[in-house]
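What follows is the residue order along each chain.
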Amino acid sequence: MSLSPFRLAFMVAFLFLLPLCLEVKSDDAVWNPIQRCYVSPPPPVVEVLPLPPYPIPPTTWDILGPFPLGARELGADPLEAYGGIEGIPRGGDLTYPSELADGGRVGWREVDANENGSLSLSFPEIRWEPLEEAHGTAGILFQGWALGDFTVRENGTYLARCLSTGSFFVDHIRVPGDRYGDGYAWFPVHLTAGTHTIRVKIGGLTTDHFHCSFKEPPPPLFVLPGDDTLPDILEGELVSDWLSIPLLNTTDRWIRGIQVSLEDAPFSLASTCEILGRCGPAPDLAPGQAFPLVVRLNRLVDEALSRERITVDESSCPLTFTIVVHAQEISPLRHSVKLRCRTLDQSFKFTFLGYDRSVQYAGARAPLGSCPYDPNGFPEVWGCPVLLSTHGAGVRAENKADVYRSRDDLWVLTPTGRRRFGYDWEGPGRLTALQAPYALPSPILNRATALDGKKGDPHRILFAGHSMGGHGAMSLSLRYPDRALLAAPAAGWIKFQHYLPYFLRLGDSFVDPTLRGILESAISEHDNDLYATNMVGIPFLGRTGGDDDNVPPWHLRRMVRILEGFGVDATLSEIPGKGHWWTGVADDEEMSDFFSRFQNGFPPSPPSFTLTLLNPASMESKGGVSVNQLIIPYRVGRIHANQVGPLLDLSTENIRTMTFGGGSWSTHNRLPREIQIDGDLFHMTSPTTFCHVQSWEICTQAQMEERKTQRGKGRYGPARQVLERPFLIVYGTMGTTEETRSRLTQAVWLANDWYLRSRGQTSVQPDTAIQDISQWDENFILVGGPSTNSLSARLSPSFPVLFKGRHFIVGDRLFNTPQTGIQFLAPIPQGAKGESQLALVLAGTDEEGFRKTFQVFPSASGTTIPDYLVLGSDFGWLGAGGLLGAGFWDNDWSYNPIMGTLR
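Read on for an overview of the structure. This one's a predicted model, so the numbers in the text were calculated from it and none came from an experiment.

**Overview of the overall build of the chain**
Right, so step 1: What the chain contains, in helices and strands, is 14 helices and 51 strands.
Right, so step 2: For a compact globule of 903 residues, the expected C-alpha radius of gyration is about 29 Å, and the chain comes in at 31 Å, within 12% of that figure.
Right, so step 3: Oriented by its inertia axes, the alpha-carbon framework of the chain measures out at about 135 × 70 × 60 Å.
Right, so step 4: For the chain, restricting intrachain contacts to residue pairs at least 6 apart in sequence, the fraction spanning at least 24 positions comes to 73%.
Right, so step 5: Total accessible area on the chain is roughly 36,100 Å²; 53% of this is exposed by carbon and sulfur atoms.
Right, so step 6: Charge centroids of the chain, computed over 77 positive and 99 negative side chains, lie 2 Å from each other.

Okay, structure coming up:
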């Protein structure tokens, strides 16, 4: 019988699929009845899981490093001398010089990711111990690069996140990183099908760890997870009325017309912002922009007709309701929020509107008793004194409040430094800390009934804190001494340059001492030892563990020695055998007794003292004296005071304009009958501003108007001061299409960085949207010079830098070489709403020079950025050695060679 071709093919295939008979039976063999023999067992069934609808991060990474790194140094990547990480071959046997390695060279190696996709890096071939022994912690700081490839199956928009890194690159696109590892920093990347590369700048102390991942294509509006800012319910009532949720525009187009509604909430939306600041519709969101949306709740039964508060039943706790976000051309976005319920004997969290109109928060413990209130008496009493405790790095403010016990007649207040790591309680952190006491209950703020009669007094503060917060406690008490009842820092460092020294910065090998001094002057206003005379009269207790290897006892030992030398009542409490943290470090019996001894008085006004300052912008007053201008900006100014009967005698160093009286000092002190300044005598009847011309005189109205055009407290710089009031980011649209796209991208980067670092909010605007400057009271960050940004062009007559097309002149020096960038602070001309408005301009002689300026944007504390920086083509690897100019403007916004240097 003949077989059809199909049947024959089937039989051949069947025979080939049959397992082979075993010549020798094995232990796991099975009987096959078809072949009538023993065969090997079938292989286990492997379940093939479908691939996720998003890219899988790299499983293997190429690592290059370690290279040296200076503490908080800008630029100075050694690889830039060879073309940068994008300009050198990847992998292979090439090596590059590094003083960290034996033999002085390092190369590439492959490292596999952990099972969860994270990457843990160490360098066992590096002998870290002798480096640390020779140079301390500064000797084991390193930097390097990690590169990994991943595959995208379909064109689309995905969300990317890298934990524990400041930024990363997907191909050539820079993406903000989740620098604190909190998990909320997802950002959109638009990818085509194929292979792509992630580049991560690594760094740390001997080791590093990061974790990159992706999410499936998101909706147009996305709520960044885990970063809501919410108040608590206290004794059944909302303790404060502000909240925010972070929105992300995941598209490549603008999202406009954002509005909010509530579902399943016992509250309604407030119809007014009352006295707490401007709020209105949310701004349009630029492509890729993150924005903490501000929502204000109405806690009254009927806002117009009744002052009765809405209450929440205990059975409803925690209180959950839905915020619905509406916008043009997109579906409504629903986001559920959950509010904790707390009682008066517990700590609680309240929110308030920050100086940049973002929602900030603080932890608190209310006094168990009632608070005195007599604002019309003398001394003025505005409530219970406030124990303001600043948290350490990595600590959440609401948790800090639980470190302290509740007291009968003292508020415990633990404000946020804006993020867990924040700004070292400098700049935005300092301003937010001092806003928090004003957000405590008062007659003009509608707070929970449980807090009636429990107002806090913002003019009587006990400054305390631990670790980074110990630095903050010293910093705040030295800059707001007329509010300080005492200072009680625990495990605090004096200044960051002593905590993690700067002396191994790479760029310092190439700069002259003058430039080094100018750069250091940009951060010296935060040197607590420099300001030590301001502590005279204020009781000081420094608490440290004898075995603290995080912030060594050396810091507080040194600070107590300095303070004692100036006659301060300073005590060191060093506990043998204790480390950096232990239960009771901030509030044991010794600390509690110190608080109790001084909390019920008023800030001291010693008869003799010396006020020391470097920057009037960050110094309030001492003994009623407040400095508005220095003769030479960013040189130390001092006022030596001595009270002799009814006469207050003052002698000054480097002081141009000052005010006596007013502020917190006047709540508990009366003016002297006479004041003598450098021999010039004045009779005092009210707070007065004095100007120095040939001698001291009471400032005339004409002089006051002239000084409004000059540098004063609100715009004394340096560059970072542009972030210390509400600001707009304005990008230029006058260049080519590609230049405009680049400026929008950089503007969004700055807005996202501000949100990530400070939970701050800002608006991104094209230059065409700002027509009448007088309608805006914000500072401006101008992305692009006059040739590409029309607002820069309109404001340029007031710039201290003269532009000639894309070239520019500082002083008498023309900068016209390629790849040169400039960042500088400038005044906003009079006519705008605020007298103290500033602009920060970022420009370049070409696109490469323009892009360089974003390496020196003043977004972090401890970075040495004065009023202006001119960056040369080799800044990338030389760091400060690649600067062509740096310095501070004079009081009239002119270039002064005494305060600057130009190459």
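Once you've had a look at it, read on.
**Here's the deal with unusual backbone geometry**
Right, so step 1: Between Gly65 and Pro66 the backbone carries a cis peptide bond, its omega angle lying at 5°.
Right, so step 2: As for its position among the elements, Pro66 is in strand β3 (residues 60–68).
Right, so step 3: Backbone geometry at Ala491 places phi at a positive 50°, although glycine is not the residue there.
Right, so step 4: Tracing the backbone through its elements, the reader meets Ala491 in the loop between β29 (484–490) and α6 (496–499).

**Brief notes about the nonpolar core**
Right, so step 1: With 146 residues, the main nonpolar core has Phe350, Trp411, Phe540, Phe780, Ile781, Val810 and Phe824 as its most contacted residues.
Right, so step 2: The element best represented in this core is helix α11 (residues 737–758), accounting for seven residues.
Right, so step 3: One finds Leu121, Cys162, Tyr184 and Phe222 within the second-largest nonpolar core, a separate group that totals 54 residues.

**Here's the deal with the pairing of strand β50 (residues 883–887)**
Right, so step 1: Within β50, five of the five residues are buried, leaving the element largely enclosed by the surrounding structure.
Right, so step 2: Direction of pairing for strand β49 (residues 868–871) relative to β50: antiparallel, over a ladder of four bridges. Bridge pairing links Leu869 to Ala886 in β50.
Right, so step 3: Pairing geometry for β50 and strand β51 (residues 900–902), over three bridges, is antiparallel.

**Some thoughts on the environment of Thr610**
Right, so step 1: Residue position: Thr610 is located in strand β32 (residues 608–613).
Right, so step 2: Thr610 sits 78 residues away from Ala532 along the chain, and the two C-alpha atoms are 9.4 Å apart.
Right, so step 3: Beyond its immediate sequence surroundings of up to four residues, Thr610 is in contact with Thr533, Asn534, Arg638, Ile639 and His640.
Right, so step 4: A polar atom in the side chain of Thr610 sits 2.9 Å from the side chain of His640.

**Observations regarding the state of the cysteines**
Two cysteines form a disulfide when their sulfur atoms are joined by a covalent bond.
Right, so step 1: With the rule as written, the count across this model stands at four disulfides.
Right, so step 2: Paired by a disulfide, Cys162 and Cys212 hold their sulfur atoms 1.9 Å apart. Taking the sign of the torsion about the S-S bond as the criterion, the disulfide between Cys162 and Cys212, at about 105°, is right-handed. Here Cys212 lies in strand β13 (residues 207–215) and Cys162 lies in strand β8 (residues 156–163), a separation of 50 residues in the sequence.

**Digging into the side chain of Ser626**
Right, so step 1: Mapping Ser626 onto the fold places it in strand β33 (residues 625–630).
Right, so step 2: The class for Ser626 is buried, based on a relative accessible area of 14%.
Right, so step 3: Reaching out from Ser626, the side chain makes a polar contact with the backbone oxygen of Glu620 at a distance of 3.1 Å.
Right, so step 4: For Ser626, the side chain forms a polar contact with the side chain of Lys713, separated by 3.4 Å.
Right, so step 5: When neighbours within four sequence positions are excluded, Ser626 is seen to be in contact with Glu620, Ser621, Met658, Thr659 and Lys713.

**Remarks on the pattern of salt bridges**
Right, so step 1: Counted under the stated rule, the structure contains 44 salt bridges.
Right, so step 2: Here Glu778 makes a salt bridge to Arg357, at a shortest N to O gap of 3.1 Å. Separated by 421 residues along the polypeptide, Glu778 in the loop between β42 (763–766) and β43 (779–783) and Arg357 in the loop between β24 (348–353) and β25 (359–365) bring together distant segments of the chain.
Right, so step 3: The buried category is assigned to Glu778, whose relative accessible area is 2%.
Right, so step 4: Using a relative accessible area of 16% as the deciding quantity, one classes Arg357 as buried.
Right, so step 5: Across the salt bridge formed by Lys708 and Glu705, the nearest N and O atoms sit 3.1 Å from each other. Of this pair, Lys708 and Glu705 both sit in helix α10 (residues 701–708), three residues apart, which is roughly one turn of that helix.
Right, so step 6: Residue class for Glu705 comes out partly exposed when judged on its relative accessible area of 31%.
Right, so step 7: Where salt bridges share partners, they join Arg405, Arg407, Asp587 and Glu589 into one cluster.

What counts, and where the lines are drawn
Per chain, residue numbering runs from 1 following the sequence as it is written. pLDDT decides what is reported in this predicted model: residues at 70 or higher carry local features, side-chain atom pairs at 80 or more are listed and counted, and totals for whole chains, interfaces and linings draw on all residues regardless. The basis for every side-chain value is the complete set of non-hydrogen atoms in the structure, without hydrogens or water. Strands are runs of DSSP state E lasting at least 2 residues, helices are runs of H or I lasting at least 4, and numbering of each runs from the N terminus. For a compact globule the rule gives 2.2 Å times the number of residues to the power 0.38, and the radius of gyration it is set against comes from C-alpha atoms. Only heavy atoms enter the contact rule, under which two residues are in contact if any of them lie within 4.5 Å. For the area figures, the Shrake-Rupley method with a 1.4 Å probe applies, and any residue is considered shielded solely by the protein chains shown. The sign given to each residue is positive for Lys and Arg and negative for Asp and Glu; His and the chain ends receive no count. Charge positions are represented by NZ for Lys, CZ for Arg, CG for Asp and CD for Glu. Side-chain atoms within 4.5 Å link the members of a nonpolar core, which is a set of buried Ala, Val, Leu, Ile, Met, Phe, Trp, Tyr and Cys residues. Think of it in three bands: with a 1.4 Å probe and only protein chains considered, a residue is buried below 20% of the maximum accessible area for its type, exposed above 50%, and partly exposed in between. At least two bridges found by DSSP between two strands is the condition for calling them paired. N or O atoms closer than or at 3.5 Å make up a polar contact, with two conditions inside protein: a donor-capable atom paired with an acceptor-capable one, and, for residues adjacent in sequence, both atoms drawn from side chains. Disulfides are defined in this document as cysteine sulfur pairs within 2.5 Å. Basic side-chain nitrogens of Lys or Arg form a salt bridge, by our definition, when they fall within 4 Å of a carboxyl oxygen of Asp or Glu.

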